[in-house]
Amino acid sequence: MTTSVQELAALVAGGQVVVLSGAGLSTESGIPDYRGPSGVARRHTPMTFQAFTRDAVARRRYWARSHLGWRLIARAAPNAGHRAVARLQDAGLVDAVITQNVDGLHGAAGSDRVVELHGRLDEVICLDCGNLTSREEMDRRLREANPDFVAQVAEVNPDGDVDLPDEQVAGFRPVDCGICGTGMLKPDVVFFGETVPPQRVERCFALVEQARAVVVLGSSLTVMSGRRFVIRAAKQGIPVAIVNQGPTRGDGYATVRVDAPLGDVLPELAERVTGASAVPV
Ligand SMILES: [Zn+2]
């Protein structure tokens, strides 16, 4: 099923929309979607929570790559799609945004009422004492601990990971918690093999159940973490629209399906329903 932006606009114009966004929304900000149609399969398997916490070598590799990848993520700016979502929120049509992205770009585009389902890359948590620090501070400490660490960034993946040869990883020195002194530090994002905190999931279910429509933006809904909200909406008789390039695992639940680039569709949608032209930020 493929429907038009006009049908999408008719749904969104009714308001009380909850947006569920995924990696496809951030590709136009230079953060590749490794599951999407333009994304290539990542060269190494994503870090799992189990490997990160149990294997010091894997952890060192993660932080070495992530230390480099963070610079690219930190430089990424919101795109026309993020800005269109913020405009829909300003216009009172979108009640909340649930995002699977960890890049913080919805907030940077001016959206509020954003639930970051998988956490944020710009925060670091101590797995022992629970202290949260900023990624900026972590970056400063890692630079201090690794003054000569120079490596070429080949590619950055959605979790801020980059490809890096083993010999460069070997010389990298990760740092421990600056508060308790010994705690293991981890970006405050949900890794593969880790579950989303139950309270956060419940909050999202509540948002979905209060919605008049759920609009999925740029997610193939491959993982249950996001797909369960679409299933819940469909079970409650709440219409689901999906805007994504390529098929998704939620297509069977959708009443509106637009298969086109988000950077084209979303500004057009915002213009149709708010009656204003796109203003670049
Ligand atoms: Zn600590």
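Heads up: the structure comes first, above all this text.
All figures in this text were calculated on a predicted structure; none of them were measured in a lab. (Residues numbered from 1 in each chain as written. Predicted model: local features only at pLDDT ≥ 70, side-chain atom pairs only at ≥ 80, totals over all residues. Heavy atoms only, no water.)

Scanning the protein chain for helices and strands turns up ten helices and nine strands. Per-residue burial for the protein chain yields a buried fraction of 51% across its 281 residues. Across the protein chain, every contact between residues at least 6 apart in sequence was considered, and the portion connecting residues at least 24 apart equals 73%. Approximately 12,700 Å² of the protein chain is accessible, and the part contributed by carbon and sulfur atoms is 50%. (Helix = DSSP H or I, 4+ residues; strand = E, 2+ residues; numbered from the N terminus. Buried < 20%, exposed > 50% of the residue type's maximum accessible area, 1.4 Å probe, protein only. Contact = heavy atoms within 4.5 Å. Areas by Shrake-Rupley, 256 points an atom, 1.4 Å probe, with all protein chains shown as cover.)

Note on the zinc ion: its protein donors are Cys-126 (SG), Cys-129 (SG), Cys-177 (SG) and Cys-180 (SG). The metal-donor distances range over 2.3 to 2.4 Å. Bound by four donor atoms, the zinc ion shows angles of 105 to 118° at the metal and therefore tetrahedral coordination geometry. (Donors = N, O, S within 2.8 Å, 3.2 Å for Na, K, Ca; no water. Tetrahedral: all angles 85-135°; square planar, octahedral: opposite > 155°, others 65-115°.)

It is worth spelling out helix H10 (residues 262–274) at this point. For H10, built from 13 residues, the straight-helix expectation of 18 Å at 1.5 Å per residue is met to within 8% by its first-to-last C-alpha distance of 17 Å. Looking at H10, one finds that the buried residues are Leu-262, Gly-263, Val-265, Leu-266, Pro-267, Leu-269, Ala-270 and Val-273. The inward-facing, buried residues of H10 abut helix H1 (5–12), helix H4 (80–90), strand E7 (213–217), strand E8 (240–243) and strand E9 (256–258). Downstream of H10 by a residue or two, Gly-275 has a phi angle that is positive, lying close to 70°. (Expected span 1.5 Å × (residues − 1).)

Now for the nonpolar core. The biggest cluster of nonpolar side chains holds 28 residues, and the ones touching the most others in it are Tyr-62, Trp-63, Leu-121, Met-138 and Leu-185. Counting residues per element, the ones that place at least two in this core are helix H3 (56–75), strand E4 (119–126), helix H6 (135–145) and strand E6 (185–189). Take this core: its biggest share by element is seven residues, from H3. Once residues within four sequence positions are removed from consideration, Met-138 is found in contact with Trp-63, Val-124, Val-175 and Leu-185. (Core = buried A, V, L, I, M, F, W, Y, C linked by side-chain atoms within 4.5 Å.)

On to H1, then. Of the positions making up H1, those classed as buried are Val-5, Leu-8, Ala-9, Leu-11 and Val-12. The buried residues of H1 occupy an angular sector of 160° when the element is viewed end-on, so they sit on one face. For H1, exposure combined with an orientation more than 90 degrees from the buried face picks out Gln-6 and Ala-10. The inward-facing, buried residues of H1 abut strand E1 (17–21), H4, E7, E8, E9 and H10. (Arc of directions from axis to C-beta.)

Bear in mind that shape data such as this cannot, by itself, settle questions of function.
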